[in-house]
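One letter stands for each residue in the lines below.
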Amino acid sequence: MTRQMTGAKMVVQALKDQGVDTVFGYPGGAVLPVYDEIFQQNDIKHVLVRHEQAAIHAAEGYARSTGKPGVALVTSGPGATNAVTGLTDALLDSIPLVVFSGQVPTFMIGTDGFQEADTIGITRPCTKHNWLVKDTDKLSETIHQAFHVATSGRPGPVLIDLPKDVQFADGEYTPPAKAKVSHYQPRVKASIEEITDLVALIEKAERPVFYTGGGVINSGPGASQLLRELVDATGFPITSTLMGLGAYPASGKGWLGMLGMHGLYEANMAMHGCDLMINIGARFDDRITGRIQDFSPNSTKVHVDIDPSSINKIIRVDLPVIGDVGHVLEDVLKVWKSRGRKVADTSAWWEQIEEWRKVRCLTYKPSETVIKPQYALERLEALTKGMDRYVTTEVGQHQMWAAQFLNFEDPNRWMTSGGLGTMGYGFPASIGVQLAHPESLVINVAGEASWLMNMQEMGTAMQYRAPVKQFILNNERLGMVRQWQQLLHGERYSSSWSESLPDFVKLAEAFGAKGIQCSDPKDLDDAIMEMINYDGPVIFDCLVEKHENCFPMIPSGKAHNEMLLGDASVEGAIKSDGAVLV
Amino acid sequence: MSALRIQQGSTSHSAYDLRDYHAEVIEKHTLAVLVDNEAGVLARVIGLFSGRGYNIESLTVAEVNHQSHLSRITVVTTGTRDVIEQIKAQVGRIVPVHEVHDLTVEGPSIERELALFKVEGTGNNRIEALRLAEIFRANVVDSTLESFVFEMTGTSEKIDAFAELMRPLGLVETARTGVAALARGSHI
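Observations regarding the overall build of chain A
Item 1. Per the secondary structure count, chain A includes 23 helices and 20 strands.
Item 2. Relative to the globule expectation of 25 Å for 582 residues, the C-alpha radius of gyration of chain A, 24 Å, shows essentially globular dimensions.
Item 3. Overall, chain A is about 70 × 60 × 45 Å in size when its C-alpha atoms are taken along their principal axes.
Item 4. Burial analysis of chain A (582 residues in total) assigns 61% to the buried set.
Item 5. Nonlocal contacts in chain A, meaning residues at least 24 apart in sequence, comprise 76% of its contacts between residues at least 6 apart.
Item 6. Surface accessibility of chain A: about 21,700 Å² in total, with carbon and sulfur atoms responsible for 52%.
Item 7. In chain A, which carries 52 positive and 69 negative side-chain charges, the distance between the mean positions of the two groups comes to 3 Å.

See below:
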């Protein structure tokens, strides 16, 4: 059954057929026909952001917290260029997004028309794929294909560029079931040889460690369940990247905590000393590996990934397993069980891990007069534990502290900008999460500098009554930049102050939201409870210690077993060859 | 283990690839990439090479199957073994890419390039140029009293050699197509 309709109507119809309920966007001349169609229906809710970058981050928040693709709609030219940061963010974190951009009419393309930009050219390297649709008859099929590409294999953002005349013209609508099958069908099942080899390694490992990442989350809640089953049945320790937090519960008995540059001592030491490393859905990012030559020198390395280009990109592995995490875990469990659930004795390994745990690497110097950022997050964790809670973050020290001090029991509860490290991500992402989960508690752990980058979204939060809690750890510094300048650049704090900060309480009030300021540790619990209990957006200005550094830390160019544990150990820790790394 | 499985036909000279994976030797590989012939597909492939810092020694592209709108891109690239593997994996995940073949390791293959040379000169140089062209089986496709345009097909090495000989004889301009390549034998 095909139907004639305008391109603009097709966009809305295709979104409905793809099960989309929310679109984040901002109108402009080149997308007016689509906005006109959105106006005339009620199935799809359009959320008007205040800046296109925020539309993409909000769609990311929606996608990361639901597992469904996020959808955004922007206009041509500046609308599309403003979307670029968000698209790149989603690409690096493998977040499925379908973004529509308006374009000047086909007959004007290439004339430097008003609000014309080469959107396809600009977004080619920051999308998984993109399409310029020049023929309305092909539009609906392209949209269905876009959803397929965004969500299959390693997920990622895609963009469809819509010239205005294509939106106005009539064409034939093809429903998803009738659309032609794409040749793009990434392999999801690993070969039986790969699975059997992995099981054989599991059976004889004495010092194993699971190293998991965002791929487990992307594979869906089923994959997290299977991961839990495998980890608990084998009794192996597990660590996770920033992106993978929540796939295995922080309360689980195998849990070592996050690994990497600001990861836990026991997690990094286990990575360094293991004899079997099973990487599931992570990508040996440079924040994880430290110095490549000294990365886990004595281990057999297994890498489970759906993207073959991740294999041997950074770290050469002994056993690549190419497939979807969920499918692989299911097959591994099946084969491991059928072979008698064998594991070697790992008790000596666990004893070693317990020794490392005794270092208590997250210890910080408490204060009775100033709020330590770590203390603020400990209290936030304690007071929100067990609640139906979602957490987003901005980027910097607060993000690392949040990863260290907040505990996640389930996947899709922790939404942070990992790969790109986008300051300004967290606030719009929290709005996207909140609109997907209207009844839940959504907290954006922020630094004041990051938060200011997309503060205009207070308008969006108010308009849509999204009661997002902006928990700002305000140290009046670009904390992570300041920390690096202290460690690497002779304490010359070049441009890392937050000068001329607004009064956050008044700022909140100016938008009609609630502002809370807290500077005394004794008042913190009450203030946090006030934030949680307020029915509406809150800006929580938490004035914290200004010079706190984030530890543990693997300095640039160092190995996992060369972590810095506190301020005492930083003297001369980073050599000049490490300083060129970021 | 799977990673250590030795691929058959891994070089054109040996049935097995016994090279050290970690060797930092720069190799030259010819890749054949089958892609949907859609707007921008070449830009995607080239953008990947420039964006990730890979080399392109030569590149040719043309539609080879009108019914299914498939184009064949032949890329000659250089890099260490690890880099070449990365290039193949990265190219392979571009959505409109159907197949990536490394003709250098998948078995014997033929590579050909077409070149046009403009050689100016009179007297002995002119005669010598014509004699060498005959030896190299180059055709004269344009001629004036002071110049020839030679057309030649062959491997890149043969074309390089001919160009080298023509230089002292008055070579003023060269145009080359870049390498087109196919695997030998009946299989596809």
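Past the structure itself, the notes keep going.
What to know about the packing of helix α1 (residues 7–17) of chain A against helix α6 (residues 139–151) of chain A
Residue and element names in this part refer to chain A.
Item 1. Following both chains from N to C, one finds α1 and α6 inclined at 35°, their axes separated by 9 Å at the closest point. Classified by chirality, the crossing of α6 by α1 is right-handed. Across from G7, M10, V11, A14 and L15 in α1, the residues of α6 making contact are L139, S140, I143, H144 and F147.
Item 2. For the contact of α1 with α6, a count of residues per class yields 7 nonpolar, 3 polar and no charged.

Points about the domain arrangement of chain A
Interface size is commonly expressed as the accessible area that is lost once the parts come together.
Residues and elements named next belong to chain A.
Item 1. The domain boundaries assigned to chain A delineate domain 1 (3–178), domain 2 (192–357) and domain 3 (373–543).
Item 2. Computed over C-alpha atoms, the centres of domain 1 and domain 3 are 30 Å apart.
Item 3. Tallying the contact residues gives 24 residues for domain 1 and 26 residues for domain 3.
Item 4. In this assembly, domain 1 packs against domain 3 so that about 1,900 Å² is buried in total across both faces, 60% of it on carbon and sulfur atoms.
Item 5. The largest share of the area that domain 1 buries against domain 3 comes from R50, R64 and S65, three residues that together contribute 30% of it.
Item 6. In this structure, the connection of domain 1 to domain 3 is made through 14 residue pairs in polar contact (both at pLDDT 80 or more).
Item 7. Looking at the side of domain 1 that touches domain 3, the elements with two or more residues in it are β3 (45–48), α3 (52–66) and α4 (78–92).
Item 8. At 10 residues, the largest contribution of residues to the side of domain 1 that touches domain 3 is made by α3.
Item 9. Taken together, the residues of the side of domain 1 that touches domain 3 break down into 8 nonpolar, 10 polar and 6 charged.

Points about the packing of aromatic side chains
Item 1. Evaluated as defined, the whole model comprises 16 aromatic pairs over all chains.
Item 2. For the pair W349 of chain A and W356 of chain A, a centre-to-centre distance of 5.7 Å together with 90° between the ring planes defines the contact as edge-to-face. Of the two residues, W349 of chain A and W356 of chain A, both sit in the buried class.
Item 3. Taking 6.1 Å as the distance between ring centres and 80° as the angle between the ring planes, the aromatic pair formed by Y364 of chain A and F405 of chain A counts as edge-to-face. Of the two residues, Y364 of chain A sits in the loop between α14 (347–357) and α15 (373–384) while F405 of chain A sits in helix α16 (residues 397–405), which places them 41 residues apart along the sequence.
Item 4. F405 of chain A gets classed as buried once you look at its relative accessible area, which sits at 10%.
Item 5. The rings of F117, F136, F148, F150 and F162 of chain B are connected pair by pair, giving a single aromatic cluster.
Item 6. Just above the ring of Y534 of chain A sits the side chain of K514 of chain A; from NZ or CZ to the centre is 5.5 Å.
Item 7. A cation over a ring is seen here: R126 of chain B above F148 of chain B, with NZ or CZ 4.2 Å from the ring centre.

Quick notes on the interface of chain B and chain A
Item 1. Listed by partner, the interface residues are 20 residues for chain B and 23 residues for chain A.
Item 2. Taking both sides of the interface into account, the surface hidden between chain B and chain A amounts to around 1,700 Å²; carbon and sulfur atoms contribute 56%.
Item 3. If you look at where chain B meets chain A, you find 2 salt bridges.
Item 4. Ionic pairing is found between D82 of chain B and R316 of chain A, a salt bridge with its closest N-O pair at 2.5 Å.

A short note on the pattern of salt bridges
Residues and elements named next belong to chain A.
Item 1. The tally for this structure, following the rule as stated, stands at 35 salt bridges over all chains.
Item 2. A salt bridge links K16 to D43, with the shortest nitrogen-to-oxygen separation between them at 3.4 Å. A residue pair is termed long-range when its members are at least 10 positions apart, and K16 in helix α1 and D43 in the loop between α2 (32–39) and β3 qualify at 27 residues.
Item 3. Salt bridges here are not isolated pairs; linked through shared partners, they connect E60, R64, D89 and D93.

Side note on the confidence of the model for chain B
Residues and elements named next belong to chain B.
Item 1. Put simply, chain B has an average pLDDT of 89, and 88% of its residues get 70 or more.
Item 2. At the level of individual helices and strands, chain B shows its lowest average pLDDT in strand β2 (residues 58–65), which scores 95, and its highest in strand β8 (residues 171–176), which scores 98.
Item 3. Per-residue pLDDT stays below 50 along residues 1–19; that stretch engages in 41 contacts with residues further than four places along the chain or on separate chains.

Remarks on unusual backbone geometry
Residue and element names in this part refer to chain A.
Item 1. That bond from F551 to P552 is cis: its omega, -5°, falls within 30 degrees of zero.
Item 2. Looking at the secondary structure, you find P552 in the loop between β20 (538–543) and α23 (576–579).
Item 3. Here S495, not a glycine, exhibits a phi torsion of approximately 55°, which is positive.
Item 4. Position of S495 relative to the elements: it lies in the loop between α20 (479–488) and α21 (504–510).

Quick look at the domain arrangement of chain B
Residues and elements named next belong to chain B.
Item 1. Per the domain assignment, the segments making up chain B are domain 1 (2–106) and domain 2 (110–183).
Item 2. Our count for the contact surface shared by domain 1 and domain 2 stands at 0 salt bridges.
Item 3. Linking domain 1 with domain 2 are 4 residue pairs in polar contact (both at pLDDT 80 or more).
Item 4. At the level of elements, β2 and β3 (70–79) are the ones that each hand at least two residues to the side of domain 1 that touches domain 2.
Item 5. Across the side of domain 1 that touches domain 2, the residue classes break down as 3 nonpolar, 4 polar and 1 charged.

With respect to helix α8 (residues 192–204) of chain A
All names here are of chain A.
Item 1. Relative to the 18 Å expected for 13 residues at 1.5 Å per residue, α8 spans 19 Å between its end C-alpha atoms, a close match to the ideal helical length.
Item 2. All of the buried residues in α8 are E194, I195, D197, L198, V199, L201, I202 and E203.
Item 3. The elements touched by buried residues of α8 are α10 (221–234), β12 (276–280), β13 (300–305), β14 (319–322) and α13 (325–338).

Conventions we followed
Residues numbered from 1 in each chain as written. Chains lettered and ligands numbered in written order. Predicted model: local features only at pLDDT ≥ 70, side-chain atom pairs only at ≥ 80, totals over all residues. Heavy atoms only, no water. Helix = DSSP H or I, 4+ residues; strand = E, 2+ residues; numbered from the N terminus. Rg over C-alpha atoms; globule rule 2.2 N^0.38 Å. Buried < 20%, exposed > 50% of the residue type's maximum accessible area, 1.4 Å probe, protein only. Contact = heavy atoms within 4.5 Å. Areas by Shrake-Rupley, 256 points an atom, 1.4 Å probe, with all protein chains shown as cover. Lys, Arg positive; Asp, Glu negative; His and termini not counted. Charge placed at Lys NZ, Arg CZ, Asp CG, Glu CD. Axes fitted to C-alpha atoms, helices over the stretch in contact; angles between N-to-C directions. Left-handed = near helix turned anticlockwise from the far one by under 90°. Nonpolar A, V, L, I, M, F, W, Y, C, P; charged D, E, K, R; others polar. Domains from an automatic or database assignment. Buried area = accessible area lost by both parts, 1.4 Å probe. Polar contact = N/O pair within 3.5 Å; in protein donor to acceptor, adjacent residues only side chain to side chain. Phe/Tyr/Trp six-rings, centres within 6.5 Å; stacked < 30°, edge-to-face > 60°. Lys NZ or Arg CZ within 6 Å of the ring centre and 35° of its normal. Salt bridge = Lys/Arg side-chain N within 4 Å of Asp/Glu carboxyl O. pLDDT = per-residue confidence, 0-100. Expected span 1.5 Å × (residues − 1).

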